[in-house]
Amino acid sequence: MGVKVAKFGGSSVADALQIEKIRKIIEEDGAINYVVVSAPGKRFDEDSKITDLLYLCKTHIEHKIPYEQIFQVICDRFMAVEVNLGIDLDLRKEFDIIKKNLEEGASADYIASRGEYLNAIMVAAYLGFDFIDAASLVKFDEKGRFMESLTDKTIKKELANHEKAVIPGFYGSRLDGSIKTFSRGGSDITGALIARAIEAEVYENWTDVSGFLMADPRIIKDPKPISTISYKELRELSYMGASVLHEDAIYPARVADIPINIRNTNRPEDPGTMITAEPAKLEEGQIITGIAGSRDFTVIAIYKSLLSSERGFIRRLAGILEDNDITIEHLPSGIDTLSVVLSNKAIDGRLEEIMDEFDRQLKPDHMEAFENMALIATVGSGMSFRPGVSAKLFTALADAGVNIRMIDQGSSEMNIIVGVENKDFEEAIKAIYDAFVF
Ligand code: ASP
């Protein structure tokens, strides 16, 4: 049997009780040789994540507000876990180093990374595994750009010296040695990078839910779990807001064809979701794999006669957006019409400016902006080449009285995106779910 990599997220390592659970999982499995950990997360709803507290220390220092109390809360949490697990480490020495660096102006990335760093030292001691600092494995260039191939080589070389190890997630180092983190939730990426480098049999991602659900449980009551899904389908769902796994964690696993298994630390008996290269295995009669969506987009509809035969139109449009540092979400087009979908966050209050620029450079006959739009993606490779899927989807929305403002079907035919008004968002998701899931 091959070697497995397991990443345990914040809630799976939030306190001693959770860490005992992960030891049981690792011992019972026997093939998990490499473990990646997040910083301790929330133990209950109103609790704070260690990473958030670390960032808070940094902002307090920047604003010259005393930070010591917050830092003490962080130290106390680690010390309590140490005592409850019955391990004996010299964590105080580590706290002193971090505190000294904090006071000497260490970067936010360095401070934020210390949650994973301390936690990995502790979990390694508890499991009897080696500790490897991620700073020596995950590499970024001087501009902070991730160095894929150097990281892969470095991990391969270093891990060859360790049969079993615990590695902190979320961060690495620039070539000058300074610490650089991934974006929030980035321990998922570290786990995928380790799995890729050692060609793991599977990358297990342990969290507090039993995998992906077919829709957001805050909107649909008890949605069905997704037992299998392809990387591609998942990418579409994650992009549209399904957040269990960091979206950048998919690529390293996909290139090495390593299945990702999302598992629940609190219900290890559940099989979770298996993410592989093959399309989802669908049950009899099942057509879609999942539904996801996000609110707060703007659709700018542009009308111009003979637009389709005008050269450079899209290039000019894209140029205006590029100059304003705005990425295009979607670009559905008709014969003499084109809609451009942008996120309100990216527009950042500059809609009028952008439309003025469109007017000047594109000279449309007419232009209209629909703000406060939501996008909903209905995803599933089972939809491709199957007649009647869109009809069913649009009928369901029409029956629910939801007005569709935009439709975009990717060329892969495994994703139909509809734009509806923000106010219709939940209603639309319910209507689609009820039409396709029984
Ligand atoms: N601890 C980091 C965060 O809270 C990274 C992670 O947990 O993956 O974002």
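Residues numbered from 1 in each chain as written. Predicted model: local features only at pLDDT ≥ 70, side-chain atom pairs only at ≥ 80, totals over all residues. Heavy atoms only, no water.

## A few points about a negative patch on the surface
Reasoning step 1: Where like charges cluster on the molecular surface, the negative patch consists of Glu352, Glu353, Asp356 and Asp359.
Reasoning step 2: In this structure, Asp356 sits in helix α12 (residues 351-362).
Reasoning step 3: Under the relative-accessibility criterion, Asp356 is labelled partly exposed at 49%. (Patch = residues over 30% accessible without salt bridge, like charges linked within 9 Å, V, L, I, M, F, W, Y side chains within 5 Å. Areas by Shrake-Rupley, 256 points an atom, 1.4 Å probe, with all protein chains shown as cover. Salt bridge = Lys/Arg side-chain N within 4 Å of Asp/Glu carboxyl O. Lys, Arg positive; Asp, Glu negative; His and termini not counted. Charge placed at Lys NZ, Arg CZ, Asp CG, Glu CD. Helix = DSSP H or I, 4+ residues; strand = E, 2+ residues; numbered from the N terminus. Buried < 20%, exposed > 50% of the residue type's maximum accessible area, 1.4 Å probe, protein only.)

## A look at the layout of surface pockets
Reasoning step 1: Reported here for the second largest pocket is a volume of approximately 290 Å³.
Reasoning step 2: In this structure, the second largest pocket is lined by 16 residues; those nearest its centre are Tyr231, Lys232, Arg235, Glu236 and Tyr239.
Reasoning step 3: Elements that contribute at least two residues to the lining of the second largest pocket include exactly α8 (231-239), α9 (250-255) and β16 (415-421). (1 Å grid on protein atoms, 1.4 Å probe; cavity = no way out; pocket = protein on both sides within 12 Å on 5 of 7 lines; lining within 4 Å. Points joined across faces, edges and corners; volume = space filled by probe spheres on them.)

## Notes on the pattern of salt bridges
Reasoning step 1: Under the counting rule described, the total for this entry stands at 26 salt bridges.
Reasoning step 2: For Asp188, the salt bridge goes to Lys7, with nearest N and O atoms at 2.8 Å. Taken together, the residues Asp188 in helix α7 (residues 187-197) and Lys7 in strand β1 (residues 4-8) connect sequence positions 181 residues apart. Taken individually, Asp188 and Lys7 each receive the classification buried, so the pair is uniform in this respect.
Reasoning step 3: Note that Arg360 and Glu357 form a salt bridge whose closest N and O atoms lie 2.6 Å from each other. You can see Arg360 and its partner Glu357 sitting in helix α12, 3 residues apart, about one turn around the helix.
Reasoning step 4: Accessibility expressed as a relative area gives 23% for Glu357, which makes it partly exposed.
Reasoning step 5: Each of Lys4, Asp29, Glu204 and Arg263 takes part in salt bridges that share partners, so that together they form one network.

## Topic: the environment of Glu413
Reasoning step 1: Relative to the elements of secondary structure, Glu413 occurs in the loop between β15 (406-409) and β16.
Reasoning step 2: What makes Glu413 partly exposed here is its relative accessible area of 26%.
Reasoning step 3: Beyond its immediate chain neighbours, meaning those up to four positions away, Glu413 contacts Gly380, Met383, Ser384 and Phe385. (Contact = heavy atoms within 4.5 Å.)

## Focus on the side chain of Asn415
Reasoning step 1: Note that Asn415 resides in strand β16.
Reasoning step 2: Looking at Asn415, its side chain comes within polar contact range of the side chain of Glu236, at 2.2 Å.
Reasoning step 3: Filtering out sequence-adjacent residues up to four positions away, Asn415 remains in contact with Glu236, Ala377, Thr378, Val379, Met383, Asp408, Gln409 and Gly410. (Polar contact = N/O pair within 3.5 Å; in protein donor to acceptor, adjacent residues only side chain to side chain.)

In short, shape yes, function no, at least from these values alone.
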